[in-house]
Amino acid sequence: MNVTLPSAVSSGGIGARVRRKEDLRFLAGRGRYTDDLVRPGQLHGWVLRSPHAHASIDAINDAAARAMPGVRAVYTARDIEAAGLGGVPCGWQVTGKGGKVMAEPPHPVLASGKVRHVGDPVAFIVAETRAQARDAAEAVEVSYGVLPALPDIGSAIAPGAVALHDGAPDNLCFDWEIGDQAATDAAFARAHKVVRFETTNNRLVPNAMEPRAAIGEFDPDSGEYTLTTTSQNPHVIRLLMGAFVLKLSEHKLRVVAPDVGGGFGSKIYHYAEEALVTWAAGQLRQPVRWTCERSESFVSDAHGRDHVTTAELALDADGRFLGLRVQTLANMGAYLSTFAPAVPTYLSATLLAGCYTTPAIHGQVKAVFTSTVPVDAYRGAGRPETTYLLERLVDVAAREMGMDRLEIRRRNFIQPSQFPYQTPVALQYDSGDYEATLRQALDAADYAGFEARRAEAKARGMLRGIGVSTYLEACGIAPSKLVGQLGARAGLYEVANIRVHPTGSVSVFTGTHSHGQGHETSFAQLVAEQLGVPIDMVEIVHGDTAKIPFGMGTYGSRSLAVGGAAMVKAMDKIIAKGRKIAAHLMEASVEDIEFADGRFRVAGTDRSKAFAEISMAAYVPHDYPIEELEPGLEETAFYDPKNFTYPGGCHICEVEIDPETGGVEVVKFTACDDVGRVINPMIVEGQIQGGVAQGIGQALIENTVYDSEGQLLSASFNDYAMPRAATVPEFTVLTSTTLCTHNPLGVKGCGEVGAIGSPPAVMNAVVDALRDYGVTHVEMPATPVKIWSIIQQGGAALPQAAE
Amino acid sequence: MPQVSLTVNGKSHTVDVEGRTLLVEVLREKLRLTGTHVGCDTSQCGACVVQVGEDSVKACTILAVQLDGAEITTIEGLAAADGTLHPMQEAFREYHALQCGFCTPGMVMSAIDLVKKHPSGLSEQEIREGLEGNICRCTGYHNIVKAIAAAAEVMNGKRSELARAAE
């Protein structure tokens, strides 16, 4: 008789709100972040940075610095070049119009001949204490010949602008296009109406709370280098730094990313300081550490966004989208950071269809060098820019067409029956239900009751507005073959090694990295569910190239969609081997062995073996099919995705504006996101809440401001407005699920949806609140002074607020 | 070199410091209490908040030489000797009020001070405004606010046990 045993993981498997395993150490102050670690004999590095946006380096006199107490070395470009080190590499080569590959100027570890942004590293000083290194840095004399700054896109593309790099005389990195220009022109030729929209997607500083840090070590006996660093992807750093900068083989270079205090993209990239500490440790035969100060972070961590875009939408008389033309100027900053060229192109323009059936689209992107910090992927990476563009454009179009903002969206939604849906800009969407997420969000937000709330606010003298965004994005960037064709210089698969120990406990080695996402918990839930073992018997190991076979790390909401799929693939191999062992032990044929709830059963009988009995047999193979099967129970899988995943949903924001101050308050925020199957709803909601707060930050307060000389004005938390607890409201976060059709878990990714969907919802609400002033658009961020000025200018047309 | 004597988490220490040495440097580098974090250099982020006497203080904002004889509690000193978490720590875990964990020690220390200084209770708005000096980039604050409200009920004696988060 068949006995159904209770699941060992009924409380901790897929779908449960399991409290996080990682929390205890963080709450007790026992996290182990890079700067917390101490190495015997460690030396301290300090980076001397350029105070100028653009200048020649005419001379460096470091004699005084070298003579200061405790100073062990002062390195400049001359030392780096003498050692034959390479420059910081770029991981993506975009090919533009006419087959012209992008300009890829050198990115030296220490500035050579010229500095190209405020913060460009010029010298690396190593001393016995951090204070000594810092003091010595002040004694390094650098003679600069100041050159004209190129603090923004406009100045860099102006006729006669000075060239930042010899290899890019017009400051142009590439001029790229996607889509069918002729078909798009034809669509515009038959349009009932053309709506035009211009916008700048404001430049942001990611500002993970843990500043970057790095520790280099060298073992002269083995010749092995170890870099401990604040990275989202240690294997990628090993590849980039080892192969291109230090020219070290993988077997002599270990990269460890321990607890990392947030990343949001800014810790994907290989930074010069990582190479400096590692190389210096070898030179000095002592560990060398470096920790960034926040003021340095502002001028050395890659920034995000900074796109200037013009879009035109062609509509028929019924409000159906016929064609879309988009021209974007994307700021690359002074050098190409690791993924920078991919952000405005393959991560942005490929999303121009959004969740709409626009049949003809043509996008053009010109990428421009400026004398600013390099710009790269920041939470959402290209997709927030496109989503903001589309969702503001759709609202503008609704207004110009005299249509309801929801109706114009619904009329153009891709319908569930249309999947798989091929867009005119390369992507093929696999699943989604945009009406479902819209409806659920409208209900939760009490959209129908909004006008009463507007009236009530008006009675208080406040301007209330509501904004909707219906978005789609692409996660889990892949497949490798495709991204290779598009210019990626690496594969984008993921790796899992699953080691079942003799007693049935499980160690999972993943190539993804957790820096706030809670993988130690949610991945353990996944493995516990699939293998039928208690969650406490599963340990997730990440962040060390010496432990994990390989991996591409965590970004682009890929960890579960790609890394989780690799785990499933490895577990499938474990279970397949377990079935063979079970068949042998129970004298049955392999085909008759079923595995469920942690037991291998002979189908149709009451004979079964627990998972731990099988693992024990694998390691103590006394009674074991040794002729056909190796002992042990450990499997590795590489999973290369078949497609991107396509999360989407609806965000609805309500704001109140105080016309006296221009202050904008988000009073209500509702999100309904389709992120595919949810492993741990508590963690997913937390990811969305955090993303929405960053999106509200972009919409209302965050902005990166350079002056005309290329000085970063918003270079500290005093000057750059970070969202605080009172900036954001309580959120209503819901999920609605359609499954991804091409990965084994049906998951889509939840890390970025919050930051992607929310900015246009906020700005649509701001514009709606100001509708009586004739306002059709407000650029981000909607700061009080900006809104106050708009209200002042529209004062004559002001309806009197009720007293 | 000046010397200061401090009591940190109930233990007495005498340390040599430079005139410019900050409290946070003493805690992290001399006493190896690395739970107190440094997230900025302008006293904005609050990752370094500790309790000095009856007040919460940003440990990056005060010189060690100012603190001779001070009683200091850091995040490492909150849990009971048997490992039982402080209600605020427990609430942060229960309500998923932390993600990367970097701002968490300062956030917890500030939250405890906030609750202690409002023994009659805190509204959501008071909690949000009371966290003005602490920045979190991960959570969007939603769960932090809920955790503090729940912990306040226990700390103020309104409940004997932490209210569970919704399932």
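Bear in mind that the values here come from a model prediction, so they are computed numbers and not experimental data. (Residues numbered from 1 in each chain as written. Chains lettered and ligands numbered in written order. Predicted model: local features only at pLDDT ≥ 70, side-chain atom pairs only at ≥ 80, totals over all residues.)

Take the overall build of chain A next. Per the secondary structure count, chain A includes 20 helices and 28 strands. Over its C-alpha atoms, taken along the principal directions, chain A stretches across nearly 90 × 75 × 55 Å. By the burial criterion, 60% of the 803 residues in chain A qualify as buried. (Helix = DSSP H or I, 4+ residues; strand = E, 2+ residues; numbered from the N terminus. Buried ≥ 20, exposed ≤ 12 C-beta atoms within 10 Å, placed from the backbone.)

When you go through chain B residue by residue, the secondary structure sums to 5 helices and 5 strands. Put simply, chain B runs from its N terminus to its C terminus through helices and strands in the order β-β-α-β-β-β-α-α-α-α. Each of the three principal axes of chain B carries a C-alpha extent, and together these read 55 × 30 × 25 Å. Residue burial in chain B is summarised as follows: out of 167 residues, 56% are buried. Here the analysis covers contacts within chain B between residues at least 6 apart in sequence; of these, 61% occur between residues at least 24 apart. (Contact = placed C-beta atoms within 7 Å.)

Turning next to the sheet that holds strand E5 (residues 121–127) of chain A. What holds strands together in a sheet is hydrogen bonding between their backbones, with the strands either parallel or antiparallel. All names here are of chain A. The strand order across the open sheet formed by 7 strands is E3-E5-E1-E12-E9-E10-E11, and the pairing between neighbours is mixed. At either margin of the open sheet sits one strand with a lone partner, and together these are strand E3 (71–75) and strand E11 (253–256). Averaged over all adjacent pairs, the angle separating strand axes in this sheet is 20°, with direction ignored. Bridge count for strand E10 (residues 224–229) against E11 is 4 bridges, and the pairing is parallel. Bridge pairing in E11 links Thr226 to Arg254. Running at roughly 30° to strand E9 (residues 213–219), helix H8 (residues 272–284) makes contact with strand E1 (43–49), E3, E5, E9, E10 and strand E12 (288–291) of the sheet. (Pairing = 2+ DSSP bridges. Axes fitted to C-alpha atoms, helices over the stretch in contact; angles between N-to-C directions.)

A word on unusual backbone geometry. All names here are of chain A. With an omega dihedral of -5°, the bond running from Phe419 to Pro420 counts as a cis peptide bond. Topologically, Pro420 is positioned in the loop between helix H11 (405–412) and strand E16 (421–422). Cis rather than trans, the peptide bond between Met780 and Pro781 has omega equal to -10°. Within the element layout of this structure, Pro781 appears in the loop between helix H19 (753–769) and helix H20 (784–793). Positioned with a positive phi, Asp446 is a non-glycine residue whose angle comes to about 50°. With respect to the element layout, Asp446 can be found in the loop between helix H12 (434–445) and helix H13 (450–459).

Mapped onto this numbering, the UniProt entry annotates "domain: Aldehyde oxidase/xanthine dehydrogenase a/b hammerhead" (unreviewed entry) at residues 28–148 of chain A. End C-alpha to end C-alpha, residues 28–148 of chain A measures 51 Å, and it is 16% helix and 28% strand. (UniProt positions renumbered as here; feature names shortened; annotations may be inferred.)

Turning our eyes to something else, we now look at the domain arrangement of chain A. All names here are of chain A. Under the domain assignment, chain A is made up of domain 1 (23–30 + 493–639), domain 2 (42–408) and domain 3 (430–475 + 644–803). Taking only C-alpha atoms, the centre of domain 1 and the centre of domain 2 are 38 Å apart. Across the contact, 15 residues belong to domain 1 and 20 residues belong to domain 2. Each residue belonging to the side of domain 1 that touches domain 2 can be placed in one class, and the counts come to 4 nonpolar, 10 polar and 1 charged. (Domains from an automatic or database assignment. Nonpolar A, V, L, I, M, F, W, Y, C, P; charged D, E, K, R; others polar.)

All names here are of chain A. Across the sheet, which stays open at both edges, the 3 strands sit in the order E4-E2-E6 with antiparallel pairing between neighbours. With partners counted over all chains shown, the strands left at the sheet margins are strand E4 (114–115) and strand E6 (141–146), one partner each. Note: strand E2 (residues 55–61) against E6, 6 bridges, orientation antiparallel. Along E6, the bridge assignment pairs Ala55 with Val146.

The subject of this paragraph is the domain arrangement of chain B. Reports often express the size of an interface as the amount of accessible area lost when the parts come together. Residues and elements named next belong to chain B. The domain architecture assigned to chain B consists of domain 1 (3–77) and domain 2 (87–155). Counting from both sides, the interface comprises 14 residues of domain 1 and, opposite them, 12 residues of domain 2. With 3 residues, the top contributor of residues to the side of domain 1 that touches domain 2 is strand E3 (residues 49–52). Its residues placed into classes, the side of domain 1 that touches domain 2 shows 6 nonpolar, 8 polar and no charged.

Once that is clear, we can look at the interface of chain A and chain B. Between chain A and chain B, the contact holds 42 residues from the first and 44 residues from the second. Breaking the side of chain A that touches chain B down by element, the ones donating at least two residues are helix H1 (23–27), helix H9 (294–300) and helix H18 (681–700) of chain A. Of all the elements, H18 of chain A adds the most residues to the side of chain A that touches chain B, at 6 residues.

Time to look at the pairing of strand E1 (residues 3–8) of chain B. All names here are of chain B. Burial of E1 is one-sided: the residues Val4, Leu6 and Val8 facing one way are buried, the residues Gln3, Ser5 and Thr7 facing the other way are not. The pairing of E1 with strand E2 (residues 11–16) spans 6 bridges and is antiparallel. Considered in E2, the bridge of Val8 is made with Lys11. Between E1 and E2, which pair antiparallel one after the other, the connecting turn spans 2 residues, and Asn9 there sits at a positive phi close to 50°. Pairing between E1 and strand E5 (residues 71–73): 2 bridges, direction parallel. The residue bridging Thr7 from the neighbouring strand is Glu71, located in E5.

Residues and elements named next belong to chain B. Closest axis-to-axis distance for the helix H2 (residues 87–94)/helix H3 (residues 104–116) pair is 10 Å, and the angle between their directions is 125°. With respect to each other, H2 and H3 are oriented oblique. Note that H2 runs across H3; the crossing there is right-handed. Packed against H2, whose contacting residues are Met88, Gln89 and Phe92, the element H3 presents Thr104, Val108, Ala111 and Ile112 at the interface. (Parallel < 35°, antiparallel > 145°, perpendicular 65-115°, else oblique. Left-handed = near helix turned anticlockwise from the far one by under 90°.)

Right, let's talk about the packing of helix H7 (residues 234–246) of chain A against H8 of chain A for a bit. Residue and element names in this part refer to chain A. The N-to-C vectors of H7 and H8 enclose an angle of 65°; their axes lie 11 Å apart at closest approach. By the criterion of interaxial angle, the relationship of H7 to H8 is roughly perpendicular. You can see that H7 and H8 cross each other, and the crossing is right-handed. Contacts from Ile237, Met241, Val245 and Leu246 in H7 reach Glu274, Ala275, Thr278 and Trp279 in H8.

Residue and element names in this part refer to chain A. Those residues of helix H17 (residues 611–619) that sit buried are Phe611, Ile614, Ser615, Ala617 and Ala618. Viewed end-on, H17 has its buried residues packed into an arc of 160°, placing them on one side of the element. Of the surrounding elements, those touching the buried residues of H17 are strand E19 (494–500), helix H15 (519–531), helix H16 (559–585), strand E23 (599–602) and strand E24 (608–610). (Arc of directions from axis to C-beta.)

To continue, consider the environment of Ile178 of chain A. Of note, Ile178 of chain A is situated in strand E7 (residues 172–179). You can call Ile178 of chain A buried: it has 20 C-beta atoms within 10 Å.

Moving on: the environment of Ala478 of chain A. Residue and element names in this part refer to chain A. Summarising the element assignment, Ala478 is placed in the loop between strand E18 (463–472) and helix H14 (480–485). On the basis of neighbour counts, which here come to 27 C-beta atoms within 10 Å, the residue Ala478 falls in the buried class. Sequence separation between Ala478 and Gly491 is 13 residues; the distance between their C-alpha atoms is 8.1 Å. Every residue in contact with Ala478, bar those within four places of it in the chain, is listed here: Val483, Leu492, Val562, Asp640, Pro641 and Phe644.

Residues and elements named next belong to chain A. Predicted confidence across chain A gives a mean pLDDT of 96, with 98% of residues reaching 70 or more. Below pLDDT 50 for its whole length, residues 1–10 participates in 18 contacts with residues either more than four positions away or in separate chains. The low-confidence segment residues 795–803, where pLDDT is below 50, has 10 contacts with residues more than four positions distant or belonging to other chains. (pLDDT = per-residue confidence, 0-100.)

So, about the nonpolar core. With 315 residues, the main nonpolar core has Ile125, Val527, Val762 and Val766 of chain A together with Ile148 of chain B as its most contacted residues. If you tally residues by element for this core, the top one is H16 of chain A, at 11 residues. Not counting residues up to four positions away in its chain, the partners in contact with Val762 of chain A are Gly467, Cys653, Val655, Val666, Gly695, Ile696, Ala699 and Leu700 of chain A. (Core = buried A, V, L, I, M, F, W, Y, C linked by C-beta atoms within 7 Å.)

What follows is about the environment of Ile696 of chain A. Residues and elements named next belong to chain A. With respect to the helices, strands and loops of the structure, Ile696 is situated in helix H18. On a C-alpha basis, the gap between Ile696 and Cys653 in space is 9.6 Å, while along the polypeptide they are 43 residues apart. In contact with Ile696, other than residues within four places in its own chain, are Val666, Pro723, Thr727, Val728, Ser758 and Val762.

Within chain B, residue pLDDT values average 97, and 100% of them lie at 70 or more. Interface scoring of the predicted complex returns ipTM 0.98; its pTM is 0.96.

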